[in-house]
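Structure at a glance
Chain by chain, the residues run as shown.
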Amino acid sequence: QVQLVESGGGLVQFGGSLKLSCAVSGNILSIHSMGWYRQAPTKERELVARVTVTTNSTIYADSVKGRFTISRDNAKNTAVYLQMNSLKPEDTAVYYCYTYTGRHYWGQGTQVTVSS
């Protein structure tokens, strides 16, 4: 079992920044990858960014490349972060952190709202 708790969402103006944090506990040694998804109203959940823990390699959705940065704490698996810069109204969504150990574990979600 893995438990995840997100924080850091909120309301920000167009062009602003937010940093999301996700505290991870439980069976962290089994984690293969960790990252962030988001879901906007009436849309499907989409991958925003992911880091593979064995290689520390990252991938990003095309829509956030160059604006968002994923990181984790000192090569451990106890936290994952998402620095979001140059935010746009289309970034408005509920953001979920996740880990993958052979199955997905999800946080409760945190709302990010970007006003125009």
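As a reminder, the structure under discussion sits directly above these lines.
Now for a quick tour of the structure. As the structure is a computational prediction, the values presented were derived from the model and not from experiment. (Residues numbered from 1 in each chain as written. Predicted model: local features only at pLDDT ≥ 70, side-chain atom pairs only at ≥ 80, totals over all residues. Heavy atoms only, no water.)

Examining the pairing of strand 3 (residues 18-26)
Judged from the six bridges that link them, strand 1 (residues 2-7) and strand 3 form a sheet pairing that is antiparallel. Bridge pairing links Glu6 to Cys22 in strand 3. In the sheet, strand 3 pairs with strand 8 (residues 79-84) via six bridges, with the strands oriented antiparallel. From the neighbouring strand, Leu18 faces strand 8, where its bridge partner is Met84. (Pairing = 2+ DSSP bridges. Helix = DSSP H or I, 4+ residues; strand = E, 2+ residues; numbered from the N terminus.)

Thoughts on unusual backbone geometry
A positive phi is found at Thr42, a non-glycine position, where the angle reads about 70°. Tracing the chain through its elements places Thr42 in the loop between strand 4 (33-39) and strand 5 (46-52).

Looking at the nonpolar core
Counting 29 residues, the largest nonpolar core has Trp36, Val48, Phe68, Leu82, Met84 and Tyr95 as the members making the most contacts within it. Mapped by element, the contributors of at least two residues to this core are strand 1, strand 3, strand 4, strand 5, strand 7 (68-72), strand 8, strand 9 (93-100) and strand 11 (110-115). Here the element with the most residues in this core is strand 3; it accounts for four residues. (Core = buried A, V, L, I, M, F, W, Y, C linked by side-chain atoms within 4.5 Å. Buried < 20%, exposed > 50% of the residue type's maximum accessible area, 1.4 Å probe, protein only.)

Section: the side chain of Asp91
Here Asp91 shows up in the loop between strand 8 and strand 9. Of the polar contacts made by the side chain of Asp91, one reaches the backbone nitrogen of Lys88; its length is 2.8 Å. When near neighbours in sequence (up to four residues on either side) are disregarded, Asp91 contacts Arg38, Arg67, Phe68, Ser86, Val112 and Val114. (Polar contact = N/O pair within 3.5 Å; in protein donor to acceptor, adjacent residues only side chain to side chain. Contact = heavy atoms within 4.5 Å.)

Observations regarding the pairing of strand 4
The element strand 4 is extensively covered by neighbouring structure, given that six of its seven residues are classed as buried. With six bridges joining them, strand 4 and strand 5 adopt antiparallel strand pairing. The residue of strand 5 that forms the bridge with Gly35 is Arg50. The turn linking strand 4 back onto strand 5 is made up of six residues, and Thr42 within it adopts a positive phi angle of 70°. Across seven bridges, strand 4 lies against strand 9 in antiparallel orientation. Paired with Gln39 across the bridge in strand 9 is Val94.

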